[in-house]
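Breakdown of the fold
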Amino acid sequence: MEQRARPWFSNRPGWCGVGCTRRGAASLAASQELVFAGPAGALCPGRAAAGAGVAGFARAGNAVLALAPDPDIRSAILSGWTDASRDGRRFILSLEPKVLWAMGVLLLLALAAREVRRLVRRRRKHDYALVHPTAGSITARAGQSILEALRVASIPHASVCGGRARCTTCRVRVGAGFEHLPAPEKIEATALARIGAGDNVRLACQTRPSRDLHITPLLPANASAADAQRPGGVGGHEQSVAVMFVDLRASTKLGEERLPYDVVFILNLFFAEMSEALRETRGHYAQFSGDGLMALYGLESDMATGCRDAMRGAVAMTRRLAALNDRLAGELKDRLQIGIGIHCGEAIVGTMGPPSSPNLSAIGDNINIAARLEAQCKTYGVTLVVSKQAAGHAGVDLSSFDLHQAPVRGREEAVVVYAVPDPSAISELQAESTDVDSQRSAISDDPIV
Ligand code: FES
């Protein structure tokens, strides 16, 4: 058999001799050319490189041994050594331990350099731990944003705009570690200001911590862009707000007199009008009950603007209700009536409620007072009871209306209030409500069904 050496390993399939492909193995078996061929089969050269290398070395040794008895080959192999001088041979033999030492030192240096590089990298950029309320603690790579770290860990998190600081759905409340965070860049600060976020709220897509951090997502992972637009949805913070409670009077009687379908129909018309009044006066629903609602004003503005908007809201509601009563004149025995209570002050505002349907709301002493003022409407026989404090912030002169010391359950001090029989009579708010008037007349012309 003619024996012809080929390279042991090759980049070309079928040429390496280990048999990295079936074609290669078949060609080896067919040609019978290779002396040092590895076992033909399905082994990949990459995976079998180490083992095949040792096997090839052994085979080469065997082949040399097989050739050794031939005197011509042996003298050819040894000619360089036998022809060398005595000093030359001694020099060659003295090299062996030096070369081995040099290789050992180089190997150690390479390993040490690798370790030093790893330590330097770690010192320059710290990985950080991210503590999530439901997923626990995860390790995030240095330089990763909170959102990137959550994604790598397969923790669902809202990010409607894909991390471009446009939607704010990725916002999180930061707990421990907040003090180590870098200040928000302009793009993040602008987005946070737009939603009136609290100081400890950050966008997960823009924040790149360098130290351990505790976070709480403020919107569900499947939040939509619309969810993000709800002001105050920032997990709870103290804020000055104006609060309004509205109640539809005699709703129980309405339910007794009419079929359930009719009651629902009338209530839907009523809530449609109230919600329009809120929308046009910058109010936000906080709660809907069966026959009433709670609204917050001033979430994106100051207290004075919020109180003034709330007063405008009361005017708009009264006018819209009057228009609705006119439309339902043939349907209703008694005209629909409402009671409105308005107060202002500090409250805890935030997204509250079950995780599947959180809602912007507020809690606190001032919220309770507003609810009590609404109940006082019955006592004074009026449509609106507004605290003197809220009227003062609004800059509206209500001195022509009755002033009362309204007792509030749970408080020792009474609240000074104005009792306003018809809010649409508040002259200072007339001009600002002209758009309501025009809409009301347009509504009046519409058929009911
Ligand atoms: S993902 Fe939209 S602002 Fe962060």
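Rules of the game
Along each chain, residues carry numbers from 1 onward, in the same order as the chain's sequence is written. Side-chain atom pairs in this predicted model are given and counted only at pLDDT of 80 or more, local residue features only at pLDDT of at least 70, and totals for whole chains, interfaces and linings cover all residues. Confidence of the predictor at the level of single residues is given by pLDDT, which spans 0 to 100. Each helix is a run of DSSP H or I of at least 4 residues and each strand a run of E of at least 2, with the numbering of both proceeding from the N terminus. It is the C-beta atoms, placed from the backbone, that decide contacts: two residues are in contact if theirs lie within 7 Å. Two strands form a pair only when DSSP identifies at least two bridges running between them. The convention used is that axes are lines fitted to C-alpha atoms, helices contributing only their stretch in contact, and that angles between N-to-C directions extend from 0 to 180 degrees. Burial is judged by counting other C-beta atoms within 10 Å of a residue's own C-beta: 20 or more means buried, 12 or fewer means exposed, and anything between counts as partly exposed, with every C-beta placed from the backbone.

Moving on, we come to the confidence of the model for the chain. Of all residues in the chain, 78% have pLDDT values of 70 or greater, and the mean over the chain is 79. Here helix α1 (residues 22-31) stands out as the least confident element of the chain, with mean pLDDT 40; strand β11 (residues 384-387) is the most confident, with 96. For residues 1-46, every residue scores under 50 in pLDDT, and the model assigns this stretch 62 contacts once sequence neighbours within four places are set aside. Within the model, pLDDT remains below 50 along residues 433-449, and this stretch shows 17 contacts once partners closer than five positions in the same chain are excluded.

This part is about unusual backbone geometry. The residue alanine 165 is not glycine, and still its phi comes out positive at about 60 degrees. Examined against the element boundaries, alanine 165 turns out to sit in the loop between α5 (146-152) and β3 (171-174).

A separate point is the sheet that holds β3. One open sheet holds the five strands; their spatial order is β2-β1-β5-β3-β4, and the pairing between them is mixed. The sheet is open, and its two edges are formed by β2 (136-140) and β4 (201-203), each paired on a single side. For this sheet, the mean inter-axis angle between neighbouring strands, taken without regard to orientation, is 35 degrees. Both strand β1 (residues 128-132) and β2 contribute to a ladder of five bridges, which runs antiparallel.

Here we take up the pairing of β3. Alternating residues of β3 divide into Arg171 and Arg173 and Val172 and Val174, and every residue in both groups is buried. Bridge count for β3 against β4 is three bridges, and the pairing is antiparallel. Its bridge partner lying in β4, arginine 171 is registered against leucine 203. As judged from the three bridges shared by β3 and strand β5 (residues 213-217), these two strands associate in the antiparallel manner. Within the sheet, the bridge partner assigned to arginine 173 lies in β5 and is threonine 216.

In this fold, serine 210 is placed in the loop between β4 and β5. According to the C-beta neighbour criterion, serine 210 is partly exposed, with 15 such atoms within 10 Å. C-alpha of serine 210 to C-alpha of glycine 177: the two residues are 33 residues apart in sequence and 9.6 Å apart in space. Excluding anything up to four places from it in sequence, serine 210 contacts His126, Tyr128, Ala142 and His180.

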